[in-house]
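Single-letter residue listing:
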Protein chains: 2
Amino acid sequence: MARWEPNARERLERAALTLFIENGYDATTVAGIADRAGLTKSTFFRHFADKREVLFFGQDMLAQLFSDAIRNAPPSATTADCLAAALESAAVAFTPERHDLAPQRRAVIAANSELQERELLKRARFAAAMADALRARGAGDLAARLAAEVGVLAFSTAYARWAEPENTRPFTEIAHAALDDLQACAATLEK
Amino acid sequence: MARWEPNARERLERAALTLFIENGYDATTVAGIADRAGLTKSTFFRHFADKREVLFFGQDMLAQLFSDAIRNAPPSATTADCLAAALESAAVAFTPERHDLAPQRRAVIAANSELQERELLKRARFAAAMADALRARGAGDLAARLAAEVGVLAFSTAYARWAEPENTRPFTEIAHAALDDLQACAATLEK
């Protein structure tokens, strides 16, 4: 039976990000990542399906958090309240302990067009999850799709601001400010 | 020298869509498309880089039209006016003569997850083109990104409504109505 490795997942993640930056994403192998982390390939594959998943493993969890937060908001919650709840629920993924990984992850994705496409598709999935949840609360189709785009823009704006190397503000505070900014922008689109 | 084939491009497009629906996108080959159109493979490759381009060749032209319409709108134009101008400029691609191809194209894309991803990436590119053009007019970054998402939602909603088999309304009229609907939705997102 495989030995349990303390913090194996985070060691693999840090080793992968270091190698992606040193040698490029394409030139980095799973064997190289495991070796740098002092672990085996089979340990890697217990935590990640492939090297790409090191960059995108939070996607399913975040889509579920967004969806649950919107579906579980009180009946009196407005659409904007639902988006705020969705963003707040994501804060578990953006803790101070994980802050130093974020600029590395962003640099790796910015350097690779295939990963940029994957990031865009991730955002489209978040928008679909939010729109489905809003429709389940009774929102009209177009209103749900627009609100979901606003939610995803608020999320990606908040993530970019949170991930700034010098940032020390917590994700929730940044996310609320981003949503406020977008609500003000939405007002300028009216007829 | 290659013989000029009248309407070769449209014949290839119609043959490809027919085969994609009959046999599936993956099972269709360029040789099969050319054969069905009564043309050669080399004629196909004078018009399209590969079979996927038959479904997405309008993408670069539309991104350029959106960008030009926004950049060339009068200085007094509001953001909403710019979006309306962008949508109007796309109408050249959605003429009554091309209407019968649209439901086929949508059916092919709906049946294939890779093509659905390509369609999502196409929309992200449209949003980037609109946002760049709005920033070039002096819009703030977040306002430009939100307006671009609204523009792309209006475009994709208008395209879906225009492509309904029984639809006979012109694209421009449908697009203006979609944008109006989205502006009304935006008002509900305010604080």
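Here, every reference points to the structure presented above.
Everything quoted here is computed from the prediction, not taken from an experiment.

A. Here's a closer look at the overall build of chain A. Check the secondary structure of chain A and you find 10 helices and zero strands. Going residue by residue from the N terminus, the α and β elements of chain A occur as α-α-α-α-α-α-α-α-α-α. Its C-alpha atoms give chain A principal-axis dimensions of about 55 × 35 × 30 Å. Within chain A, buried positions represent 47% of all 191 residues. When contacts within chain A are restricted to residue pairs at least 6 apart in sequence, long-range pairs at least 24 apart make up 65% of them. Accessible surface for chain A amounts to roughly 9,100 Å². Of this, 53% is attributable to carbon and sulfur atoms. Treating the 23 positive side-chain charges of chain A as one cloud and the 26 negative ones as another, the clouds have centres 4 Å apart.

B. Representation of the interface of chain B and chain A within the structure. Taken together, the contact pairs 32 residues of chain B with 32 residues of chain A. Of the roughly 2,800 Å² buried between chain B and chain A, counting both surfaces, carbon and sulfur atoms make up 70%. The largest contributions to the chain B side of the interface with chain A come from Leu-142, Leu-146 and Leu-189 of chain B, which together make up 26% of the buried area. Scanning the region where chain B abuts chain A turns up four salt bridges. Secondary-structure elements contributing two or more residues to the side of chain B that touches chain A are helix H6 (79-89), helix H8 (113-136), helix H9 (141-162) and helix H10 (171-187) of chain B. In terms of residues, the side of chain B that touches chain A owes the most to one element, H9 of chain B, which gives 11 residues. Tallied by class, residues from the side of chain B that touches chain A come to 17 nonpolar, four polar and 11 charged.

C. Here's a closer look at the relation of the copies chain B and chain A. For the pair chain B and chain A, the relating rotation is 180°, the translation along its axis is 0.0 Å, and the fit reaches an RMSD of 0.0 Å. Taken together, the rotation angle and the small translation identify this as a two-fold axis. Of the C-alpha atoms belonging to chain B, the one lying closest to the rotation axis is found on Ala-186 of chain B, 2.8 Å away. Of the interface residues in chain B, 100% have counterparts in chain A that sit at the interface too, so the contact is made through matching surfaces.

Parameters at a glance
Residues numbered from 1 in each chain as written. Chains lettered and ligands numbered in written order. Predicted model: local features only at pLDDT ≥ 70, side-chain atom pairs only at ≥ 80, totals over all residues. Heavy atoms only, no water. Helix = DSSP H or I, 4+ residues; strand = E, 2+ residues; numbered from the N terminus. Buried < 20%, exposed > 50% of the residue type's maximum accessible area, 1.4 Å probe, protein only. Contact = heavy atoms within 4.5 Å. Areas by Shrake-Rupley, 256 points an atom, 1.4 Å probe, with all protein chains shown as cover. Lys, Arg positive; Asp, Glu negative; His and termini not counted. Charge placed at Lys NZ, Arg CZ, Asp CG, Glu CD. Buried area = accessible area lost by both parts, 1.4 Å probe. Salt bridge = Lys/Arg side-chain N within 4 Å of Asp/Glu carboxyl O. Nonpolar A, V, L, I, M, F, W, Y, C, P; charged D, E, K, R; others polar. Least-squares fit on C-alpha atoms with pLDDT ≥ 70 in both.

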